[in-house]
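Coordinate inspection notes
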Amino acid sequence: MREDEIKKGIQLVCDTSKEISKLYEDKNALVEKLNSLSNEDLAPLNYEYRSKSGPVTDLRKDVLKYLLDGNKLDERTFDEFILKRRTGQEDKFIAFQKPFSIFHPFVTSYGHKPFRGFVEQFIDEIIERLQLKGKVKHKFVDFQGARYLGTDRSWLAIYNSKHKSQTTALQLFVDFQNGKIKYGVYRYPEVYVKGPEEKNSSNFDFEALISLFEENKESILKDEPQEDILTIPLAGSKLYKMSHGEFKTNKYANVLDIFKQKHWIVLHESTAKGQAEKFKNKLHVGDYLYITVGGDELFEVAKVSSGSWEYVPEDIINESGWLYREVEYIRSATKPDPSDLKNYKEYIYPSGNSTLTEISPQKLDDANNRIFKPHFSVEFVSDETEPTRENENEVNVLDKFPCNIILYGPPGTGKTYYTIDLAVEIITGNNVSHEENKEVFDALRKDGQIEFITFHQNYSYEDFMIGIRPDLNEASTLKFQRKEGIFYRICKRAEHNYLQSQNQKEITLKRYVLIIDEINRANISKVFGELITLLEEDKRLGAKNELRLSIPGEDTDFGIPPNIYVIGTMNTADKSIAMIDIALRRRFEFQGYFPDYSKVDRFSGDILRHINNEIYKRKKSADYLIGHGYFMNGDEPPETSKVLENKVIPLLMEYFSGKTEVVEEIFNGSKWSVKYDTEKYCWEIKQ
């Protein structure tokens, strides 16, 4: 490329990135941009979406038609389009928090061809000048983003061709954002080994970039992946098989490549046998898995890197309901062909008929010998076979669960129900049916490893930690006696076990769980007091920032041990009760629970979905939705009319301040007629 071509291209890059930054942050600027697009700009996108469907895609098609019909958007119309498609489909929009995330294809899909063309030439020029052709690979992410969700940042990476992905490699890296160019030698994630240098279009010097890259190109060439047997201690983490067998046909070849590029594992929310639930709520950061394309291809050993799931944009699969989690690649398959495993049909093997399956410790030797060693040059070591620690003061390794969790959501979504499963899994590591978990839960509670309490408005620090109470056995005189609260008692049990396990290695460290139902119904700042500080994982006993506090009149050295877990539930509709204190909020991981219509029969699911759509229109919040639990009653589903009369309508009356006309309106357009009889003062409910 000539010097003037580079200069002109860099100016284009800077101008484009500056415009995108504004569109990314400013909704009004985005509306103006959409209005400025001509029919010629929009026609290719209209053609692309002609056979696609889904909540986000349908929203884009609505706006496309509106613009192609010669109309202009204003902020009110723009918001109405979004609200129309988002209502009742909030979960499908979780990944689309900014308007730019939804509408970036209008700008980036076809309008950025000159920008993309220059960057591709720019990459070729760098590789040619450094004489790296055939020795390196490159990756370029434009403003559509690595997740196709739109971003205000574009970047390119050049790395050793022996690496399967840039995330495992040292990179020559160039970043474009808000009119600036930043470059240097980079290693994922977010670490510059050399640089970065930051320039704009007026002071960018291509020769200076080449000079810096030239000085470091040998480091890139020497940066080769290691292929010796890699031993990975599980250290309390779990190990899974993850199959992308749904995408092994040629039809989905491009889709599968996108998943690989983005480091996504993907599963549909309708996947049976609890696999979707496990994918959403049981996979934790730090858990390991191997990725296979059914029985056709072994791909990668990876580690879960994101704590939450999101929906795959419909642009990628052209079908809604697909979930993804981000992973970090650990090692690529050294022998991708799994044909020698075809005869093994257990779920943990590539040919096993499952999507997400845990590899238990009992199956680990078989998996190492048949899958991991021969196909990945990897060996996993379970907790039982880990070498003895040299540092006797090191905390025993526990499962990778957050120490403090709050399950939040509207009423009836199963929050309390799932605390049983979560508590048992934290303590035992087992993930079985709820019925089996309930038996184990009761036994563990009897043994003192689980405690369950419900907060209320009069709950106090003295109830929770320690205090004094009148001695009712002394009738003749007023005396007070010391009383230990539930949290103090379970902490002391956990601490005793923790100290024993540190001093006597023959004792496997136990986990203890305190469940606090309705955690937001108490004055939590008053109840927790100084414990707020000690709850943090790095402030617990044995941690690097261990803290101990004095309790007035009691312990002068009280700390919270690392083997105690706190699970809270929070009803988001209960606005009359004080919400979670910010100091406590940042010390808990929050896991959302919302209505799941697949858990009830279709008849009940239809009316529940209708009611929730109407609630959302009026409340503009998912906090007030009604959960599927109202329509469940053990093995036999309750009569829908009775549920509406005795449970749903009373709750709606509470939500809407007793306005019967609003409750009647909510059922308009459904298959139910609901009227309030002002003579009998009761509800008439007819199907």
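Residues numbered from 1 in each chain as written. Predicted model: local features only at pLDDT ≥ 70, side-chain atom pairs only at ≥ 80, totals over all residues. Heavy atoms only, no water.

Strand order in the open sheet made by the five strands is E1-E2-E3-E4-E5, with antiparallel pairing throughout. Across the chains shown, the open sheet's two edge strands, defined by having one partner strand only, are strand E1 (136-141) and strand E5 (191-199). Adjacent strand axes in the sheet meet at a mean angle of 15°, parallel and antiparallel pairs treated alike. The sheet contact formed by strand E2 (residues 153-160) and strand E3 (residues 170-177) spans seven bridges and is antiparallel. In the strand pairing of E3, Arg153 is matched with Gln177. (Pairing = 2+ DSSP bridges. Helix = DSSP H or I, 4+ residues; strand = E, 2+ residues; numbered from the N terminus. Axes fitted to C-alpha atoms, helices over the stretch in contact; angles between N-to-C directions.)

Attention shifts here to empty space enclosed by the protein. A probe matching the size of a water molecule, rolled over the atoms, marks out where space remains unfilled. Size it by volume and the largest cavity reaches roughly 60 Å³. In this structure, the largest cavity is lined by Val56, Lys92, Phe96, Tyr311, Val312, Pro313, Glu314, Ser320 and Gly321. Here the residues of the lining of the largest cavity are counted per class, giving five nonpolar, two polar and two charged. (1 Å grid on protein atoms, 1.4 Å probe; cavity = no way out; pocket = protein on both sides within 12 Å on 5 of 7 lines; lining within 4 Å. Points joined across faces, edges and corners; volume = space filled by probe spheres on them. Nonpolar A, V, L, I, M, F, W, Y, C, P; charged D, E, K, R; others polar.)

Moving on, we come to the sheet that holds strand E16 (residues 450-454). Reading across the sheet, the five strands line up as E16-E19-E20-E15-E21 and stay open at both edges, with parallel pairing between neighbours. The strands lining the two open edges of the sheet, one partner per strand, are E16 and strand E21 (589-592). Neighbour to neighbour, the strand axes of the sheet diverge by 20° on average, direction disregarded. Where strand E15 (residues 404-409) meets strand E20 (residues 564-571), six bridges bridge the pair, whose relative direction is parallel. Across the sheet, Ile406 pairs through a bridge with Gly568, a residue of E20. Sheet contacts for helix H13 (residues 415-428): E15, E16, strand E19 (512-517) and E20; angle to E20, the most-contacted strand, approximately 170°. (Contact = heavy atoms within 4.5 Å.)

Under the defined criterion, the tally for this structure stands at 35 salt bridges. Among the salt bridges present, the one from Arg493 reaches Glu451, with a minimum N-O distance of 2.7 Å. In this pair, Arg493 is assigned in helix H16 (residues 486-503) and Glu451 in strand E16, connecting sequence segments 42 residues apart. Shared partners join several salt bridges into a network, and the residues in it are Glu536, Asp538, Lys539 and Arg587. (Salt bridge = Lys/Arg side-chain N within 4 Å of Asp/Glu carboxyl O.)

Before going further, it helps to examine the packing of aromatic side chains. Under the counting rule described, the total for this entry stands at 43 aromatic pairs. Where Phe464 meets Phe487, the ring centres are 5.0 Å apart and the plane angle is 10°; that geometry is what we call stacked. Taken together, the residues Phe464 in helix H15 (residues 461-464) and Phe487 in helix H16 connect sequence positions 23 residues apart. Joined through ring pairs, the aromatic side chains of Phe118, Phe122, Tyr183, Phe204, Phe206 and Phe213 make up one cluster. (Phe/Tyr/Trp six-rings, centres within 6.5 Å; stacked < 30°, edge-to-face > 60°.)

Burial of E15 is extensive: five of the six residues sit out of reach of the surface. Pairing of E15 with E21 involves four bridges; the strand directions are parallel. If you follow Ile405 over to E21, its bridge partner there is Glu589. (Buried < 20%, exposed > 50% of the residue type's maximum accessible area, 1.4 Å probe, protein only.)

The residue after Gly195, namely Pro196, is reached through a cis peptide bond having omega 10°. Note on placement: Pro196 falls in strand E5. Backbone geometry places Ser377, a non-glycine residue, at a positive phi of 55°. Along the polypeptide, Ser377 turns up in the loop between helix H12 (364-376) and strand E14 (378-381).

With that settled, the discussion passes to the environment of Lys278. Note on placement: Lys278 falls in helix H10 (residues 275-281). Through-space distance from the C-alpha of Lys278 to that of Thr357 is 9.3 Å; in sequence the pair is 79 residues apart.

Moving on: the environment of Glu198. Tracing the chain through its elements places Glu198 in strand E5. Sequence separation between Glu198 and Val174 is 24 residues; the distance between their C-alpha atoms is 9.8 Å.

This part is about the side chain of Ser641. The topology assignment puts Ser641 in helix H21 (residues 640-655). Residues within four places of Ser641 in sequence aside, it is in contact with Trp672 and Ile685.

What follows is about the packing of helix H2 (residues 27-36) against helix H5 (residues 75-86). Taken N-terminus to C-terminus, the directions of H2 and H5 make an angle of 95°; their axes are 10 Å apart at the nearest point. In terms of axis orientation, H2 runs roughly perpendicular to H5. The residues of H5 that touch H2, namely those facing Lys27, Asn28, Leu30, Val31 and Leu34, are Glu75, Phe78 and Asp79. For the contact of H2 with H5, a count of residues per class yields four nonpolar, one polar and three charged. (Parallel < 35°, antiparallel > 145°, perpendicular 65-115°, else oblique.)

A word on the pairing of strand E22 (residues 673-677). The pairing of E22 with strand E23 (residues 682-686) spans five bridges and is classified as antiparallel. Across the sheet, Asp677 pairs through a bridge with Cys682, a residue of E23. Where E22 folds back onto E23 in an antiparallel hairpin, the turn is made up of four residues, including Tyr681, whose phi is positive at roughly 55°.

Interhelical geometry of helix H1 (residues 3-25) versus H2 gives an angle of 115° and a closest axis separation of 5 Å. Contacts between H1 and H2 involve Glu19, Lys22, Leu23 and Glu25 on the former and, on the latter, Lys27, Ala29, Leu30 and Lys33. Considering only residue class, the contact of H1 with H2 consists of three nonpolar, no polar and five charged.

All right, on to the confidence of the model for the protein chain then. On average, residues of the protein chain carry a pLDDT of 86, and 92% of them reach 70 or more. Note that pLDDT drops below 50 for residues 385-398; the model gives that stretch 30 contacts with residues more than four away or on any other chain. (pLDDT = per-residue confidence, 0-100.)

Within the secondary structure, Gly134 is located in the loop between helix H7 (113-129) and E1. In this structure, the C-alpha to C-alpha distance between Gly134 and Pro361, residues 227 residues apart in sequence, is 43 Å.

Attention shifts here to the nonpolar core. Formed by 74 residues in total, the largest nonpolar core has its most connected members in Phe103, Phe106, Phe122, Leu209 and Phe259. Considering every element that reaches this core, the biggest residue donor is H7, with seven residues. Ignoring anything within four residues of it in the chain, the contact list for Phe106 reads Leu34, Leu37, Leu42, Leu45, Arg60, Val63, Leu64 and Leu67. In this structure, Phe455, Tyr459, Ile516 and Leu531 belong to the second largest nonpolar core, which totals 34 residues. (Core = buried A, V, L, I, M, F, W, Y, C linked by side-chain atoms within 4.5 Å.)

A few words now on the state of the cysteines. Applying the stated rule across the entire model yields zero disulfides. Looking at Cys491, it has no disulfide partner, and the nearest cysteine sulfur is the one in Cys403, 11 Å off. What makes Cys491 buried here is its relative accessible area of 1%. (Disulfide = S-S within 2.5 Å.)

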